Amino acid sequence: MSARNRRLPRHRAWPLTTTDIQQCLGSHMGQVKELKFLTGADSGGIALGAAWVAPSPRNYGRGVHPDMVGFFIDVHPVGATERATARAVLRSEALPQLRAWVAAAVTADETWRLTPHQRYWRISAGGLTRHDDG
C-alpha cells in the first residue's frame, strides 16, 4: 500500500514491505503476532524493530494473554530520499539477522522463551547497527 493511503507524510517512506518480511521469515511468519508500519515522525534512526513478548508466569490475572505471546515486528519510516539505501542495507543485512533470530528463538530453551527480548536495527551514515535488549 502506498504511503499516501497509510497517511505517511510525503518526506517519509517505509524501507521494507510486507512481502520483504514474509519472504525473509518464510515458515516462521506464523510466529509473528503483528507486523506494523509505524507512522511517527522520527524513530531516532531505528528502521526495523522486533520484539519477543514472553508469557508472564504471574498469578491473579496479571499475566500476558496467550494470544499475545510471540514476535512483534515494527517497520519504522525513514526519509524518502534515504529509502533506497536503507532498503538495500536492511534486505542484505538486517532481514537475514531477523530470520536467524526468529529461528533461534523457536528452538530456544525455556529460560530464553520466558524472558521478553527486543532487537533494533538503526541506519546511520549508510551503515547498519544492531541493538539487543533483554
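Above: the structure in question.
Residues numbered from 1 in each chain as written. Predicted model: local features only at pLDDT ≥ 70, side-chain atom pairs only at ≥ 80, totals over all residues. Heavy atoms only, no water.

**Q** Just to check I follow, could you spell out helix α2 (residues 83-106) for this structure?
**A** Residue pairs spaced three or four apart in an α-helix point in one direction, given the helix's 3.6 residues per turn. Taken as a whole, α2 carries its principal kink of about 45° at L90. Every buried residue belonging to α2 is among A86, R87, V89, L90, A94, L95, L98, W101, V102 and A105, and all of these are buried. (Bend = angle between axes of the 7 residues up to and from the residue. Helix = DSSP H or I, 4+ residues; strand = E, 2+ residues; numbered from the N terminus. Buried < 20%, exposed > 50% of the residue type's maximum accessible area, 1.4 Å probe, protein only.)

**Q** Please clarify how helix α1 (residues 18-25) should be interpreted in this entry.
**A** All of the buried residues in α1 are D20, I21, C24 and L25. End-on view of α1: buried residues confined to an arc of 115°, all on one side of the axis. Close packing links the buried residues of α1 with β2 (32-37), β3 (46-53), β4 (70-75) and α2. (Arc of directions from axis to C-beta. Contact = heavy atoms within 4.5 Å.)

**Q** What should I look at first to understand the sheet that holds β4 in this one?
**A** Sheet strands line up and pair through hydrogen bonds in the backbone, either parallel or antiparallel. The strand order β2-β4-β3-β6-β7 describes an open sheet built from five strands, whose pairing is mixed. Both outer strands of the open sheet, β2 and β7 (127-133), are each paired with one neighbouring strand and no more. Between one strand axis and the next, the sheet turns by 10° as a mean value, whatever way the strands run. Pairing of β3 with β4 involves six bridges; the strand directions are antiparallel. (Pairing = 2+ DSSP bridges. Axes fitted to C-alpha atoms, helices over the stretch in contact; angles between N-to-C directions.)

**Q** Looking at this structure, how should I read the environment of F72?
**A** Mapped onto the fold, F72 is located in strand β4. When the C-alpha atoms of F72 and A51 are compared, they prove to be 5.2 Å apart, with 21 residues separating the residues in sequence. Every residue in contact with F72, bar those within four places of it in the chain, is listed here: K33, E34, G49, A50, A51 and V53.

**Q** It is not clear to me how the pattern of salt bridges should be interpreted in this structure. Could you clarify?
**A** Pairing is possible between side chains of opposite charge, provided their charged atoms come close. Throughout the structure, instances matching the rule amount to four salt bridges. Notably, a salt bridge pairs D20 with R87, separated by 2.6 Å at the nearest N-O pair. Taken together, the positions of D20 in helix α1 and R87 in helix α2 put the pair 67 residues apart, joining distant regions of the chain. Comparing D20 with R87 shows no difference in burial state: the two are buried. D132 serves as the salt-bridge partner of R119, at 2.6 Å between the closest nitrogen and oxygen. Of the two residues, R119 is situated in strand β6 (residues 117-124) and D132 in strand β7; the sequence distance between them amounts to 13 residues. Several salt bridges share partner residues, and in doing so they unite D20, R87 and R91 into one network. (Salt bridge = Lys/Arg side-chain N within 4 Å of Asp/Glu carboxyl O.)

Spatial relationships are all this shows, so hold off on functional conclusions.
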